[in-house]
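Residue-level structure breakdown
Listed below are the residues making up each chain.
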Amino acid sequence: APIVSGLMENSPALEAGLKVGDVIRKIDNENISQYSDISRVIALNPNSPLEFEITRNNNNIKIIITPELVVTKDVFGNEVKIGRLGIYSSELSYR
């Protein structure tokens, strides 16, 4: 399962209490095995509260995080609205 490596300032993840080192196990009861799973769920749910099941220091915790709405452009230059959490992994960053 993915481990949070960093948090953006003023991000929904930081404000909700997510911490570096947290292991993200589930989002809204959907199993999360890699960072692309997080990215997909978050992008599709801007402004929608999501329940995260995380493991922190061997304790299982549930946190509600609402991804912020971000307007960006797709590869064709069209505006798209996606959700953003504001976490980083050691491999990739999600903004």
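Our subject is the structure listed above.
Residues numbered from 1 in each chain as written. Predicted model: local features only at pLDDT ≥ 70, side-chain atom pairs only at ≥ 80, totals over all residues. Heavy atoms only, no water.

Focus: unusual backbone geometry
For Asn10, which is not a glycine, the phi torsion comes out positive at approximately 55°. Its place among the elements puts Asn10 in the loop between strand 1 (6-7) and helix 1 (12-16). Phi angles above zero are rare outside glycine, and Asp28 is one such case at about 50°. Within the secondary structure, Asp28 sits in the loop between strand 2 (23-27) and strand 3 (30-31). (Helix = DSSP H or I, 4+ residues; strand = E, 2+ residues; numbered from the N terminus.)

Topic: the pairing of strand 5 (residues 59-65)
For a regular strand, side-chain orientation follows a simple rule: the groups alternate between the two sheet faces. With seven bridges connecting them, strand 4 (residues 50-56) and strand 5 associate as antiparallel partners. Paired with Thr55 across the two strands is Asn60, which belongs to strand 5. Linking strand 4 to strand 5, which pair antiparallel, is a turn of two residues; within it Asn57 sits at a positive phi near 50°. (Pairing = 2+ DSSP bridges.)

Here we look at the sheet that holds strand 3
The strand order across the open sheet built from four strands is 3-2-4-5, with neighbouring strands paired in antiparallel fashion. At either margin of the open sheet sits one strand with a lone partner, and together these are strand 3 and strand 5. On top of the sheet, helix 2 (residues 35-43) reaches strand 2, strand 3 and strand 4; it is set at about 45° to strand 2, its chief contact. (Contact = heavy atoms within 4.5 Å. Axes fitted to C-alpha atoms, helices over the stretch in contact; angles between N-to-C directions.)

Focus on the side chain of Asp37
With respect to the secondary-structure elements, Asp37 resides in helix 2. Taking the relative accessible area as the measure of exposure, Asp37 reaches 12% and is therefore buried. Here Asp37 is in contact with Asn31 and Ile32, once residues within four sequence places are set aside. (Buried < 20%, exposed > 50% of the residue type's maximum accessible area, 1.4 Å probe, protein only.)

Examining the nonpolar core
Within the largest apolar cluster, 17 residues are counted, with the highest numbers of intra-cluster contacts made by Leu18, Ile24, Ile27, Ile38, Phe52, Leu85 and Ile87. Counting residues per element, the ones that place at least two in this core are strand 2, helix 2, strand 4 and strand 5. With four residues, helix 2 is the largest single contributor of residues to this core. With sequence-adjacent residues up to four places away left out, Leu85 is seen in contact with Ser11, Pro12, Ala13, Ile38, Ile42, Phe52 and Ile65. (Core = buried A, V, L, I, M, F, W, Y, C linked by side-chain atoms within 4.5 Å.)

Some thoughts on the side chain of Glu53
As for its placement among the helices and strands, Glu53 is situated in strand 4. For the buried Glu53, no salt bridge exists, and the shortest N-O distance to an oppositely charged side chain is 4.1 Å, to Lys62. Here Glu53 is in contact with Val23, Ile24, Arg25, Lys26, Asn29, Ile61 and Lys62, once residues within four sequence places are set aside. (Lys, Arg positive; Asp, Glu negative; His and termini not counted. Salt bridge = Lys/Arg side-chain N within 4 Å of Asp/Glu carboxyl O.)

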